[in-house]
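What the coordinates show
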Amino acid sequence: MKIGKRILVVTAAVVLVGVVAAVVSFFWFTRRAHPEDSGTMTASGLSAPVEVLRDEDGVPHIYAQTTPDLYFAQGFVHAQDRFWQMDFWRRIGAGKLSELLGEATLSTDVFMRTLGFSELAEHEYDALSNEARESLDAYAEGVNAYIRGRSPGELSLEHGILALQGVEAEPEPWQPEHTLTWLKIMAYDLGQNLQTELDTLRLMRAVGTGLTEDFFPEYRDEMPYIVTGAELERSGVGEAAEAGNGGGNAGGGNGAEASADGAAGGAPAPAPTARTGTARTGTARRGGTDLGALLDGAGLPEVPAFGDGPGLGSNSWVIGGSRTESGMPILANDPHLGIQMPSIWYEVGLHSEEEDLDVAGFSFAGAPGVIVGHNKTIGWGVTNLAPDVQDVYIERINPEDPTQYRVGDEWRDMELRTERIPVAGREEPHVIRVRETRHGPLITDLSSNARFRGFGTDVPQVSADAVELTEFSLRWTALEPNRTLESIYHLNRAQDFEEFREALSMFDVPSQSFVYADVEGNIGFQAPGLIPIRRNGTGRLPVPGWTDEYEWEGYIPYEELPALLNPEKDYIATANNPVVPPDYPYTLATEFNHGYRARRIVDMIEATEQAAVDDVEQMQGDVYSLPAEEVLPYLEDLPTPRALSQAKEMLLSWDRRMERESAEAAVFALFMQNLIDLLFVDQIPDELWNDSSRITEGSRVQSAVATLLASPDNRWWDDIRTPDKRESRDEVLLAALTAAIAEGYELFEGKEMSEWRWGTLHTAEFRNQSFGESGVGLIEGLFNRGPVAVDGGLEQVLSADWDLTEPYEVAHLSSMRQILDFSDLDTARTIHTTGQSGHPFHRHYDDMIERWAEVEYRKSEFSRMAIEDEQPRVLILEPGE
């Protein structure tokens with residue numbers, strides 16, 4: 001062989017060996033954390049063997065002889081499949097993300113340390129019953145049994161990458177308090193009225209109270225309530241509450257209503273109304289530092305847990321036996337949360353011989369038990385009630401001592417604590433001082449340039465010329481010890497409606513709307529939670545903290561919260577719409593979905609004579625657009641130039657279904673987005689519109705559009721950027737259609753309008769909350785999946801909303817779907833968005849995405865016989881040293 005050829009062969013061999021070695025190394029590095037799911041493993045801490053039967057989708061059913069062993073095994077299995085997610089979540093709650101991820105997450109850590117979730121979790125743990133505390137202890141022991149002795153790279157790919165970068169990635173042992181801290185994050189993500197209060201005040205300052213009230217429309221008469229007035233009256237809740245409370249605020253309410261003092265800081269206060277019953281005691285004037293600076297300093301960081309912003313919500317409904325084909329109830333549920341990878345949900349079955357505990361459904365990795373699901377007797381689903389449980393108080397600070405605040409006519413000392421936050425890449429920790437008033441922590445301390453800002457006031461307590469330092473504090477039910485974990489423990493064991501309600505009496509935060517069904521044919525509803533009774537005001541705007549006039553007077557008694565059992569109509573539907581009509585004696589919520597999904601669900605139930613599970617599947621996948629019904633009639637008589645005639649004809653002849661293959665759906669989405677932009681963006685400051693997911697909440701904006709369409713002379717139609725002209729409604733409609741078509745031709749690269757496809761624009765990309773947002777394409781490619789074209793849009797039952805400030809990619813979606821037929825619980829149908837595993841390259845990391853997008857389901861067997869018939873993979877956990 002010639003020397004040149006020999007060198008070539010040797011070189012090729014070396015390259016081949018290098019490539020093979022690189023492939024093998026990559027394969028080993030990315031898969032070494034994949035867990036064993038069959039055979040036998042030892043687990044120190046078990047008292048007896050435990051069987052883990054995983055079906056073809058990786059969903060485990062855990063069988064244990066004792067209940068502590070059952071929770072131990074659940075912790076072990078969660079850690080096998082999702083430990084990075086668990087570690088990431090607990091670090092969010094404890095304010096320890098920056099220890100791994102550096103400066104990028106420091107603002108989140110500062111916020112969490114300010115709230116003090118870790119200390120609260122310790123108090124909650126001490127207050128648990130012995131049984132619930134033992135479940136937490138056993139769960140933590142199971143997590144630790146799995147992670148003990150494993151290197152970071154053997155726990156997750158994420159931990160392995162951090163270790164390669166020199167970050168100390170060795171995880172600390174799991175503590176029971178970590179679970180309780182995570183439940184606080186759930187409460188925060190599902191109830192951020194705090195940001196709404198701040199942003200509503202900013203909006204009032206920008207456009208005045210009149211336009212603000214138009215932007216926050218009343219709940220419309222044609223939209224349904226979860227519990228009707230007649231049903232409430234029959235339940236006796238209204239009478240009991242009236243006797244105990246003497247009347248009060250509405251269960252719904254205008255988003256712009258607030259107490260006059262709540263507008264303190266320069267915004268004109270709305271006039272008193274019969275509903276709020278508040279009297280105006282004085283208007284505030286600005287002086288010293290502008291309130292706008294104070295508001296800017298109180299902006300909240302994004303918390304990468306459930307996902308934030310418009311679209312958070314859920315659907316759930318239960319249909320009684322008189323309306324079903326089988327004669328037994330059917331329960332459906334699909335919570336809507338921020339898009340993420342892996343899914344927030346982990347499906348599991350838990351079976352204990354010791355107490356005959358059989359429960360299955362959806363859990364959170366990091367917490368024992370089942371959050372949404374069923375046992376052998378009852379089942380339940382949830383939607384976010386979104387009660388107003390957060391109040392912002394304006395506190396007066398002593399100019400001579402910033403650790404004191406005014407209460408009445410005296411200065412009171414704040415509670416002070418110092419937090420030291422380790423930050424990767426820094427030698428010294430980031431140090432913050434947290435100041436707390438009687439209401440809670442000062443949230444204006446979150447921004448270093450917002451500390452000790454002040455503005456003048458003109459109120460009866462001080463002279464007109466006084467300039468005082470002013471800060472915002474937060475009062476929130478989740479900043480008090482609560483019993484939600486205790487509630488979940490008992491909910492999993494409830495056997496009838498009475499026990500179901502008793503368990504939910506401890507579901508303090510976040511308050512949810514629960515639907516119920518059982519194997520005896522009953523259906524029901526319960527709204528639990530700690531919901532404050534306010535002495536004055538509706539809680540929609542910041543209020544003075546130096547007086548007792550706006551204090552909480554306790555919580556709505558549980559027995560007076562709305563509940564239903566077997567209503568005459570034989571169905572119950574919830575979709576984040578108001579629970580009760582305005583004559584309910586207490587204020588439940590001032591934020592709510594404006595009823596589009598609820599209206600559609602009710603219409604479909606009432607139009608189906610004898611519903612089968614297949615019918616309920618179609619309901620969950622429904623993409624009919626009620627907003628299109630409201631808007632499109634205004635185009636019928638709108639004079640349009642020839643260039644727009646095709647678009648107009650397409651929209652008017654469209655079936656109003658937001659299907660991914662529809663050209664008409666694409667045209668409508670483009671038109672609605674441009675109409676919303678033209679209506680509101682000229683008058684709402686950019687920083688408020690672009691940064692406030694509460695201002696751009698989809699159902700409220702859509703309802704505002706519908707209300708304004710019927711009011712063609714409203715000032716919102718005028719474009720303030722053209723001061724020499726006042727635009728009319730029809731001019732804006734025409735401009736929106738013109739802009740939509742121009743945008744469409746650009747996005748679809750000049751294709752004919754009939755060739756446009758909604759799914760080209762409307763896609764879901766599943767991004768990992770940590771490494772999937774790194775900005776490094778190679779790393780993101782390891783963790784993220786998609787984009788995937790999906791049906792749906794704004795305010796369809798099939799939730800796939802986009803953010804109005806970042807169209808048209810899906811931001812929030814149906815995070816899981818569950819359908820339970822109580823004639824046979826072995827026929828349950830379920831799916832969640834991604835897959836059971838949190839390990840990239842594992843077969844169960846992304847194997848549910850396509851089925852989820854197609855609104856397909858997996859059969860979720862419940863009985864052991866049915867599970868074994870599917871030939872599951874079996875893992876035996878044996879007691880060990």
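Numbering of residues starts from 1 in each chain and follows the order in which that chain's sequence is written. Selection of residues for local features in this predicted model requires a pLDDT of at least 70, selection of side-chain atom pairs for listing and counting requires 80 or more, and totals for whole chains, interfaces and linings are taken over all residues. Hydrogens and water molecules were not included; the side-chain quantities draw on all heavy atoms of the structure.

Now for the overall build of the chain. When you go through the chain residue by residue, the secondary structure sums to 27 helices and 31 strands. Looking at the 881 residues of the chain, the share that counts as buried comes to 63%. Residues count as neighbours in contact if any of their non-hydrogen atoms are within 4.5 Å of one another. A fraction of 74% describes how many contacts in the chain between residues 6 or more apart in sequence connect residues 24 or more apart. Approximately 31,800 Å² of the chain is accessible, and the part contributed by carbon and sulfur atoms is 48%. A run of H or I in DSSP becomes a helix once it reaches four residues, and a run of E becomes a strand once it reaches two; helices and strands are each numbered from the N terminus. Accessibility here uses a 1.4 Å probe with only protein chains present; expressed as a share of the type maximum, an area under 20% marks a residue as buried, one over 50% as exposed, and anything in between as partly exposed. Surface accessibility in these figures is a Shrake-Rupley result with a 1.4 Å probe; residues are shielded only by whichever protein chains are displayed.

What follows concerns helix 15 (residues 497-504). Within helix 15, the full set of buried residues consists of F497, F500, A503 and L504. Take helix 15 and look down its axis: the buried residues cluster within an arc of 120°, on one side only. Counted as exposed and oriented over 90 degrees from the buried face of helix 15: E498 and E502. The secondary structure elements touched by the buried residues of helix 15 are strand 9 (378-384), helix 14 (484-491), strand 17 (512-518), strand 18 (523-526) and strand 22 (563-565). Put simply, D496 is the residue that caps the front of helix 15, since its side-chain oxygen is 3.2 Å from the backbone nitrogen of E498. The directions considered for the arc run from the helix axis to the C-beta atoms. Two N or O atoms form a polar contact when they lie within 3.5 Å of each other; inside protein one atom must be a possible hydrogen donor and the other a possible acceptor, and for residues adjacent in sequence the pair counts only when both atoms belong to side chains.

This part covers helix 22 (residues 698-709). One less than the number of residues in a helix, times 1.5 Å, gives the span that helix is expected to have. For helix 22, spanning 12 residues, the distance from its first C-alpha to its last is 16 Å, which sits close to the expected 16 Å at 1.5 Å a residue. Of all 12 residues in helix 22, 11 are buried; the element is thus mostly enclosed. Every buried residue belonging to helix 22 is among G698, S699, R700, V701, Q702, S703, A704, V705, A706, L708 and L709, and all of these are buried. On its buried face, helix 22 sits against helix 10 (193-215), helix 16 (596-607), helix 18 (626-631), helix 20 (663-680) and helix 23 (729-747).

This brings us to the side chain of H178. Tracing the backbone through its elements, the reader meets H178 in helix 9 (residues 176-189). Note on H178: relative accessible area 12%, which makes it buried. Here R90 takes part through its side chain, which lies 3.1 Å from a polar atom of the side chain of H178. When neighbours within four sequence positions are excluded, H178 is seen to be in contact with R90, E172 and P173.

Structurally, A853 is set in helix 26 (residues 849-853). Considering only alpha carbons, one finds A853 and A764, 89 residues apart in sequence, at a separation of 8.9 Å. For A853, the contacting residues outside a window of four places in its chain are R660, V788, A789 and V790.

Further remarks concern the environment of P685. Assignment of secondary structure puts P685 in the loop between helix 20 and helix 21 (686-691). In this structure the C-alpha to C-alpha distance between P685 and V207, which are 478 residues apart in sequence, comes to 9.3 Å.

On to the layout of surface pockets, then. Remark: the empty space left among the atoms is shown by a probe the size of a water molecule rolled over them. Space inside the second largest pocket adds up to approximately 480 Å³. Buried and open spaces are told apart on a 1 Å grid over the protein atoms alone, a cavity being a set of points where a 1.4 Å probe fits but cannot get out and a pocket being an open set with protein on both sides within 12 Å along at least five of seven lines. Residues with an atom within 4 Å of a point are the lining residues. Along the wall of the second largest pocket there are 24 residues; nearest its centre are E415, E436, G440, P441 and L479. Residues of the lining of the second largest pocket, tallied by class, amount to 11 nonpolar, 5 polar and 8 charged. Grid points are joined across faces, edges and corners, and a volume is the space filled by probe spheres set on the points. Side-chain classes are defined by residue name, with Ala, Val, Leu, Ile, Met, Phe, Trp, Tyr, Cys and Pro counting as nonpolar, Asp, Glu, Lys and Arg as charged, and the others, Gly among them, as polar.

What follows is about the nonpolar core. Of all hydrophobic cores here, the largest spans 156 residues; its most connected members are I62, W345, W476, F500, F525 and L877. For the purposes of this section, nonpolar cores are sets of buried Ala, Val, Leu, Ile, Met, Phe, Trp, Tyr and Cys residues that join through side-chain atoms within 4.5 Å. Core analysis: the next-biggest nonpolar cluster, separate from the first, contains 77 residues, Y571, A598, L632 and A663 among them.

What follows covers the confidence of the model for the chain. Averaged over all residues, the pLDDT of the chain equals 87, while 85% of them reach at least 70. Each residue carries a pLDDT score, the predictor's own confidence in it, on a scale running from 0 to 100. With pLDDT under 50 throughout, residues 240-292 is counted as low confidence; its partners more than four residues away or in other chains account for 142 contacts. For residues 448-467, every residue scores under 50 in pLDDT, and the model assigns this stretch 59 contacts once sequence neighbours within four places are set aside.

As a further point, take empty space enclosed by the protein. Applying the stated criterion across every chain, the model contains 17 cavities of 30 Å³ or more. Space inside the second largest cavity adds up to approximately 170 Å³. In this structure, the second largest cavity is lined by 18 residues; those nearest its centre are M186, L190, W345, V382 and Q512. Here the element with the most residues in the lining of the second largest cavity is strand 9; it accounts for 3 residues. Looking at the lining of the second largest cavity residue by residue, the class counts come to 13 nonpolar, 5 polar and no charged.

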